[in-house]
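Here is how the chains run, residue by residue.
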Amino acid sequence: MSRIAGRFAALQAAGRKALIPYITAGDPLPASTVPLLHALVEAGADILEIGVPFSDPMADGPAIQRSSERALKNGIGLADVLKLVEDFRKKDLQTPVVLMGYANPIEAMGMEKFVAAAQAAAVDGVIVVDYPPEECGPFVELCGKAAIDCIFLLAPTSTDARIREVARVGTGYLYYVSLKGVTGVKSADAADISTHLPRLRAASKLPIGVGFGIKDAASAVAISKSADAVIIGSRIVQEIESAGAEHAVARVKALLMPIRKALDS
């Protein structure tokens, strides 16, 4: 059983929902990333999503775009992100780690080289926003051989055919994008989300994580009533941006801990 599957199984057995925070690697400084990851785990994260900086992040709103720009200015590329995961693993071998990014850096490195390096770094899953499930068979196959989950995005506009395809090739969990548009701009509507998730559950037995637009404990709890996991990205990235390197760890923990407590109440 993969670390991701194992974590969801343990949470389900305990009657708990997964909390999945996102940060961009290398933001605000390269030296900040590993301490931030450990802080997120200490604050109650179940799975970590780590953004790979990219110059044209089409699905990301202004906050995450700015975080990518800062990370790129800090010289962080895909190889550096993998090294940061290796550094995180020196103290934490239990928490699942998912890399989230775009195809271009993977293609530049080479698909086989990337998968081998991700496996060596103990990456558990990958979300490649612009790899359509219908067209990435070789990548999915490589990841499967390396025991790395391929996680795909679904949205309110996803067709039944797309949902079936993601159910066929995806592993780990389904990432349901709660809003039309980019991250961090609007707030998620729990009632609307609850009407869409049955379609996903009818097609797949994978856990469903909901992201985009979850900003606080109240929205996290409301969405957790129909989802298996809540994914929080832009709100955390905004906190890091306003806190700066010196205070980022403390501020991120202070943001996440009440959300964890509310989910467990």
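Residues numbered from 1 in each chain as written. Predicted model: local features only at pLDDT ≥ 70, side-chain atom pairs only at ≥ 80, totals over all residues. Heavy atoms only, no water.

Draft legend 1. Region of the structure containing unusual backbone geometry. The omega torsion across Asp27 and Pro28 is 5°, close enough to zero to call that bond cis. Relative to the assigned elements, Pro28 resides in the loop between strand E1 (18-24) and helix H2 (33-42). Of note, Ala147 is a non-glycine position whose phi angle comes to about 60°, a positive value. As for its placement among the helices and strands, Ala147 is situated in the loop between helix H7 (137-145) and strand E5 (149-150). Positioned with a positive phi, Phe212 is a non-glycine residue whose angle comes to about 80°. Turning to its location among the elements, Phe212 is positioned in the loop between strand E8 (208-211) and helix H10 (217-224). (Helix = DSSP H or I, 4+ residues; strand = E, 2+ residues; numbered from the N terminus.)

Draft legend 2. Seen up close, the sheet that holds strand E9 (residues 229-232). Spatial ordering of the open sheet is given by E5-E4-E3-E2-E1-E9-E8-E7-E6, a layout of nine strands whose pairing is parallel. Edge positions in the open sheet fall to E5 and strand E6 (153-154), since each of these has one partner strand only. Sheet topology places strand E3 (residues 97-101) next to strand E4 (residues 125-128); four bridges connect them, and they run parallel. Paired with Val98 across the strands is Gly125, a residue of E4. The sheet strands contacting helix H1 (residues 3-14) are E1, E3, E4, E5 and E9, and the helix crosses E1 at an angle near 140°. Across the sheet, H2 touches E1 and strand E2 (48-51), and the angle it forms with E1 is around 165°. (Pairing = 2+ DSSP bridges. Contact = heavy atoms within 4.5 Å. Axes fitted to C-alpha atoms, helices over the stretch in contact; angles between N-to-C directions.)

Draft legend 3. Quick peek at the pairing of E8. Burial of E8 is two-sided: the residues Ile208 and Val210 facing one way and the residues Gly209 and Gly211 facing the other way are all buried. Inspection of the sheet shows E8 paired to E9 by two bridges, in the parallel sense. Pairing of Gly209 across the sheet is with Ala229, part of E9. Traced from E8 through H10 to E9, the parallel crossover comes out right-handed. (Buried < 20%, exposed > 50% of the residue type's maximum accessible area, 1.4 Å probe, protein only. Right-handed = clockwise from strand over helix to strand, strands pointing away.)

Draft legend 4. Quick peek at the pairing of E9. Alternating positions in E9 separate into two faces, Ala229 and Ile231 on one and Val230 and Ile232 on the other, with burial throughout. Summarising the sheet, E1 and E9 pair through four bridges and their orientation is parallel. Each bridged residue has a counterpart across the sheet, and for Pro21 the counterpart in E9 is Ile232.

Draft legend 5. Here's a closer look at the side chain of Ser67. Tracing the backbone through its elements, the reader meets Ser67 in helix H3 (residues 62-73). Ser67 gets classed as buried once you look at its relative accessible area, which sits at 0%. In contact with Ser67, other than residues within four places in its own chain, are Thr24, Asp27 and Val237.

Draft legend 6. Quick look at the packing of aromatic side chains. In total, this model carries five aromatic pairs according to the counting rule given. Consider the rings of Phe54 and Tyr102, whose centres lie 5.3 Å apart with planes at 25°: the pair is stacked. Pair noted here: Phe54 is in the loop between E2 and H3 and Tyr102 is in the loop between E3 and helix H5 (103-109), with a separation of 48 residues, a long-range link. Judged by relative accessible area, Phe54 falls into the buried class, the value being 14%. Using a relative accessible area of 5% as the deciding quantity, one classes Tyr102 as buried. (Phe/Tyr/Trp six-rings, centres within 6.5 Å; stacked < 30°, edge-to-face > 60°.)

Draft legend 7. A look at the environment of Ala43. Structurally, Ala43 is set in the loop between H2 and E2. Each C-alpha atom, one on Ala43 and one on Asp60, is 25 Å from the other, the two residues being 17 residues apart in sequence. Setting aside anything within four residues of it in sequence, one finds Ala43 in contact with Lys253, Leu256, Met257 and Arg260.

Draft legend 8. Seen up close, empty space enclosed by the protein. Counted by the stated rule, this structure contains three cavities of 30 Å³ or more. Forming the walls of the second largest cavity are Val52, Leu78, Leu99, Met100, Gly101, Tyr102, Ile106, Phe114, Val126, Ile127 and Val128. When residues of the lining of the second largest cavity are traced back to their parent elements, those giving at least two are E3 and E4. (1 Å grid on protein atoms, 1.4 Å probe; cavity = no way out; pocket = protein on both sides within 12 Å on 5 of 7 lines; lining within 4 Å. Points joined across faces, edges and corners; volume = space filled by probe spheres on them.)

Draft legend 9. Fine view of the pattern of salt bridges. Within this structure, the stated rule accounts for 18 salt bridges. In this structure, the salt-bridge partner of Asp87 is Lys90, at a minimum N-O distance of 3.3 Å. Since its relative accessible area comes to 65%, Lys90 is described here as exposed. Glu239 is the salt-bridge partner of Arg251, the closest N and O atoms lying 2.7 Å from each other. Of the residues examined, Arg251 reaches a relative accessible area of 31% and is grouped as partly exposed. Classification of Glu239 by relative accessible area gives buried; the value is 12%. Several salt bridges share partner residues, and in doing so they unite Arg16, Asp46, Arg260 and Asp264 into one network. (Salt bridge = Lys/Arg side-chain N within 4 Å of Asp/Glu carboxyl O.)

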